[in-house]
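A structural walkthrough
Here is what each chain is made of, one letter per residue.
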Amino acid sequence: MTQKNDIRWLPGFNWVTLFFFLFLYLPLFILVVFSFNASRSATVWSGFSLEWYVKAFANDDIQRATKNSLIIAVFSTTFATTMATMAALTLSRNRAVKRKNLFGGVLILPLMVPEIVTAVATLTFFSAIGLSLGLGNIIIAHSVFCIPFAYLPIRARLDGMDENLEAAARDLYSNKWATLRLVTLPLLMPGIVSGAMLAFIISLDDFIITLMVAEAGSTTLPIYIYSLVRVGITPEVNAISTVLLGVSVLIVTVSYLVGNKK
Amino acid sequence: MTQFGAKIRSHAALIPATIVIGIFMIVPILIILVYSFLAPGDYGGVKPEFSTDAYQRLLFQRDLFDQMVFDPAYLKIAFRSVWVAVVSVVGCLVLGFPVAYYIACQSEERRNIYLLLITIPFWTNLLIRTYCWILVLRDTGLINGGLIRLGLIDEPLTLLYTEGAIALGLIYTYVPFMVLPIYAALERLDRRLIEAARDLYSNRWVALRHVVIPLAMPGIIAGSILVYIPALGAFIAPDLLGGGKNLMLGSLVQLQFSSARNWPFGSALAMVIMAMVLLCLFFYARSAKKNGGGIQH
C-alpha cells in the first residue's frame, strides 16, 4: 500500500480513486434501492416493498422477453465458444499456421467495429439475402460479436499453459486427440468457462444490434426495458433492471474466480 | 497428401470462426459500402442505380429550385459527435489516470480487487447503466431534489438532455477502457526510475510529468482509442440522455434505417464513422510501431 513516505505517493490521487469508485457504483446503488421503493416514485423514498418485483415477474411480456433473451444467449454462447476454442487452439498450438496476426485480427474484428455499424450492416445483409428466421437471425448476429469475448480469455489461458505437459503426454504414446481430450482441454477448462460466461452476458445485455436485427415477436429483455424507459420512468423498470444487473454481476464474479484459478 | 490438402487440414479448426466473421461481419460492411453509392428505395432498401447523393447530403441540400445549396445541418451533427467523443476521452483520461496510477502502486492482492471492481460495471447492461443517470439527472432526480431540499436552488437545473449529460454518460460507460490500459503500462513501472528522478532534485509532480507520464504513454494512447471509437458511434447515451434535440452520428444512422427509411444515407453515415475509426487505428498503429509496443492485453 502506498503511504505518504512512499516515493511514488502523489497527494490527491487516493481521493480521485475514491471519487471514481463512488461515481462508478452510486448510480447502480440508487437504481437498486429505488427498485424496493413502496411508492410509484422512482426517486423519492417511501418505504420498503417487493411490489414491483411481484408485478415484473407476473408480467407476460417480461416473461416472454426473458425467455427469448435466454434462448438467444444459450445458443450464441455455445456457437461462439466452440468456434473460439477451436480457433484459439489452432493459433496457439499449430506451428504450421502462417499469418497468425491476420487471423487473430479477424477474430477480434467485432470489437473494433462500432456497434451501430455492425448493427446496420447485419440488418442490411439479412434483408439483402432475405434471411428471416425469427430468433435465428439474432442468434447468428450475437454469435458473431461474442466470438472475441470468448476467444480472448481462452487464448490468454492457452498462452499461459505449460506446453511441456502436452509434450509429455505425446511422449507417453498418447495420440493427438487423446492429448487434447485428456490433457489440453481439462487444463484449458477455466479459460473456456470464463470465456463462455463473458459471451453469455454480452449476448444477454446486447441492445443496439438486437434492436436493429430483431423482427416483430423477437423482443428481448433489453429491448423491452428500452421501450418502457422511452415511455417513462417506473419502479417496475428498476426492478427488472436490478434482476438483470444481479445476474450479470454474479456471472462476472464467478467467471473471474474460475478464470483466475491456478 | 497434397500440399493444399495439408494446408486446409492445419487450418481446419480456424475456419468456422473466420468464415462466420467473414460472412456475417466483413461481407455486410462491404454491402453497406456498396449501398452508400445507390439510390434509396421508396419503402426502405435501395434501388440499383449508382448515385453519390448520399454523400452529397452530408454537406448539401436540394432547395426548392432543385439547386444544391450548402447545408451544415449534418456537418454540425458530425462535429458534435466528434466534440462529445473528444470531451469524453479527455474526461476519462483526467479521471482514469490518477486511478490507474494509484492502483498500480498497491500490493498485488489489492490490485486484483480494484481491477475486479472496475470490470464489474463494464459487464453490466449498458442500457441500465445509462438509465441510472436519468434517475440522477432529471428535474425531479437526486441532484436537483437534493439541491432544492438544501435550499441552494429554487428551480431545478437543466441537467438531462444536454451535451454535458451525454458526455457524462459516455465517460461513465467507457472510463474502464481508459483505466485498464494505463494500469497495464504502469504496472511494470520500475520505481527506481522515480527514485532516480527524485534523487536528482525533481519534486513529485516533475517526476510524474517527466518519468511516469512518458512511460504510461502507450497505455494513454490505447485507452484514448478504446474510448473514442465506441463514443463516436454511441447510440444509447445520446438517445436517453441527449433527448431528441442533441442528435449524434450513432442515432442519426439508426434513424435512417428505421423511421427515415433512407438506407443509402444511413450507409454513407456508417461509412463516415468507419473512416474515422480506421484513421484512428492507422495513427495508433504508426505510433505503436514508433514506440515498439502494442496494445497490452
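Definitions and cut-offs
Residues numbered from 1 in each chain as written. Chains lettered and ligands numbered in written order. Predicted model: local features only at pLDDT ≥ 70, side-chain atom pairs only at ≥ 80, totals over all residues. Helix = DSSP H or I, 4+ residues; strand = E, 2+ residues; numbered from the N terminus. Buried ≥ 20, exposed ≤ 12 C-beta atoms within 10 Å, placed from the backbone. Contact = placed C-beta atoms within 7 Å. Rg over C-alpha atoms; globule rule 2.2 N^0.38 Å. Axes fitted to C-alpha atoms, helices over the stretch in contact; angles between N-to-C directions. Parallel < 35°, antiparallel > 145°, perpendicular 65-115°, else oblique. Left-handed = near helix turned anticlockwise from the far one by under 90°. Nonpolar A, V, L, I, M, F, W, Y, C, P; charged D, E, K, R; others polar. Domains from an automatic or database assignment. Pairing = 2+ DSSP bridges. Expected span 1.5 Å × (residues − 1). Bend = angle between axes of the 7 residues up to and from the residue. Core = buried A, V, L, I, M, F, W, Y, C linked by C-beta atoms within 7 Å. pLDDT = per-residue confidence, 0-100.

**Comments concerning the overall build of chain A**
Looking only at helices and strands, chain A has 12 helices and zero strands in total. The secondary structure elements of chain A, listed N-terminal to C-terminal, are α-α-α-α-α-α-α-α-α-α-α-α. Here the C-alpha coordinates of chain A stretch approximately 70 × 70 × 30 Å along the principal axes. The buried share of chain A, reckoned over its 262 residues, is 45%. Within chain A, contacts between residues at least 6 apart in sequence are counted, and of these 76% link residues at least 24 apart.

**Digging into the overall build of chain B**
A count of helical and extended segments in chain B gives 13 helices and four strands. Relative to its length of 297 residues, chain B is extended, with a C-alpha radius of gyration of 24 Å against a globular reference of 19 Å. The principal-axis extent of the C-alpha atoms belonging to chain B is close to 80 × 75 × 35 Å. Counting across all 297 residues of chain B, residues that qualify as buried make up 44%. Nonlocal contacts in chain B, meaning residues at least 24 apart in sequence, comprise 66% of its contacts between residues at least 6 apart.

**Let's talk about the packing of helix α4 (residues 73–104) of chain B against helix α10 (residues 204–232) of chain B**
Residue and element names in this part refer to chain B. Their axes nearest at 9 Å, the elements α4 and α10 cross at an angle of 140 degrees. In this view, α4 runs oblique relative to α10, as classed from their interaxial angle. For α4 against α10, the interelement crossing comes out right-handed. Together, Ser81, Ala85, Ser88, Val89, Cys92, Leu93, Gly96 and Tyr101 of α4 and Val212, Ile220, Gly223, Ser224, Val227, Tyr228, Ala231 and Leu232 of α10 make up the contact between the two elements. Here the contact of α4 with α10 is composed, by residue class, of 11 nonpolar, five polar and no charged.

**So, the environment of methionine 68 of chain B**
All names here are of chain B. Following the sequence through the fold, methionine 68 ends up in strand β4 (residues 68–70). A tally of 13 C-beta atoms within 10 Å means that methionine 68 is categorised as partly exposed. Setting aside residues up to four positions removed in sequence, methionine 68 forms contacts with Gln56, Phe60 and Arg62.

**Overview of the domain arrangement of chain A**
How big an interface is tends to be expressed through the accessible area that disappears when the partners come together. Residues and elements named next belong to chain A. Taken domain by domain, chain A holds domain 1 (10–49) and domain 2 (58–259). On a C-alpha basis, the centres of domain 1 and domain 2 stand 30 Å from each other. Between domain 1 and domain 2, the residue contacts involve eight residues of the former and eight residues of the latter.

**Remarks on unusual backbone geometry**
Residues and elements named next belong to chain B. The residue tyrosine 161 is not glycine, and still its phi comes out positive at about 60 degrees. Within the secondary structure, tyrosine 161 sits in the loop between α7 (142–149) and α8 (163–187). In this structure tyrosine 161 comes out as partly exposed when scored by C-beta crowding, with 18 C-beta atoms within 10 Å. For arginine 261, which is not glycine, the phi dihedral falls at a positive 50 degrees. Within the fold, arginine 261 resides in the loop between α12 (249–257) and α13 (263–291). Owing to 16 C-beta atoms within 10 Å, arginine 261 belongs among the partly exposed residues under this scheme.

**Some details on the pairing of strand β2 (residues 46–50) of chain B**
All names here are of chain B. Alignment of strand β1 (residues 38–40) against β2, held across three bridges, turns out to be antiparallel. Note on β2: the bridge partner recorded for alanine 39 is lysine 47. Counted along the chain from β1 to the antiparallel partner β2, the turn is five residues long, and its residue glycine 44 has a positive phi close to 85 degrees.

**Focus on α10 of chain B**
One turn of the α-helix equals 3.6 residues, which is why residues spaced by three or four share an orientation. The terminal C-alpha atoms of α10 of chain B lie 36 Å apart, and with 29 residues this falls more than 12% below the ideal 42 Å at 1.5 Å per residue. Maximum bend of α10 of chain B: about 50 degrees, positioned at methionine 217 of chain B, with proline proline 218 of chain B one to four residues after it.

**Regarding the interface of chain B and chain A**
Across the boundary between the two partners, chain B contributes 72 residues, which contact 70 residues of chain A. With 13 residues, the single largest contributor to the side of chain B that touches chain A is helix α2 (residues 15–35) of chain B. Residue composition of the side of chain B that touches chain A, by class: 50 nonpolar, 17 polar and five charged.

**What about helix α6 (residues 126–137) of chain B?**
Residue and element names in this part refer to chain B. Taking 1.5 Å per residue, 12 residues should reach 16 Å; α6 reaches 17 Å between its end C-alpha atoms and fits that length. By the criterion of burial, α6 is predominantly enclosed, with 12 of the 12 residues buried. When α6 is considered as a whole, its buried residues turn out to be Leu126, Leu127, Ile128, Arg129, Thr130, Tyr131, Cys132, Trp133, Ile134, Leu135, Val136 and Leu137.

**Focus: the nonpolar core**
In this structure, Ala84, Val120, Ile147 and Ala150 of chain A together with Ala100 and Ile182 of chain B are the most contacted members of the largest nonpolar core, which totals 166 residues. Once residues within four sequence positions are removed from consideration, valine 120 of chain A is found in contact with Met212 of chain A together with Ile32, Val253, Phe257, Gly266 and Ala270 of chain B.

**Quick look at the confidence of the model for chain B**
Segments scoring low in pLDDT should not have their predicted coordinates read at a detailed level. Residues and elements named next belong to chain B. Mean pLDDT over chain B: 86, with 96% of residues reaching 70 or higher. Low pLDDT, under 50, characterises residues 293–297; the stretch is placed with 10 contacts to residues that sit more than four places away or in other chains. Reported confidence for the predicted complex is 0.85 by ipTM and 0.87 by pTM.

**Thoughts on the environment of glutamine 256 of chain B**
All names here are of chain B. Examined against the element boundaries, glutamine 256 turns out to sit in helix α12. For glutamine 256 and alanine 54, which are 202 residues apart along the polypeptide, the C-alpha to C-alpha distance reads 11 Å. Setting aside residues up to four positions removed in sequence, glutamine 256 forms contacts with Asn262, Trp263, Phe265, Gly266 and Leu269.

**Quick word on the packing of α8 of chain B against α10 of chain B**
All names here are of chain B. Where α8 meets α10, the closest approach of the two axes is 8 Å, and the angle between their N-to-C directions is 155 degrees. Looking at the two axes, α8 sits roughly antiparallel to α10. Note that α8 runs across α10; the crossing there is right-handed. Of the residues in α10, those in contact with Leu170, Tyr174, Phe177, Met178, Pro181, Ile182, Ala184, Ala185 and Leu186 of α8 are Leu215, Ala216, Pro218, Gly219, Ile220, Ala222, Gly223, Leu226, Val227, Pro230 and Ala231.

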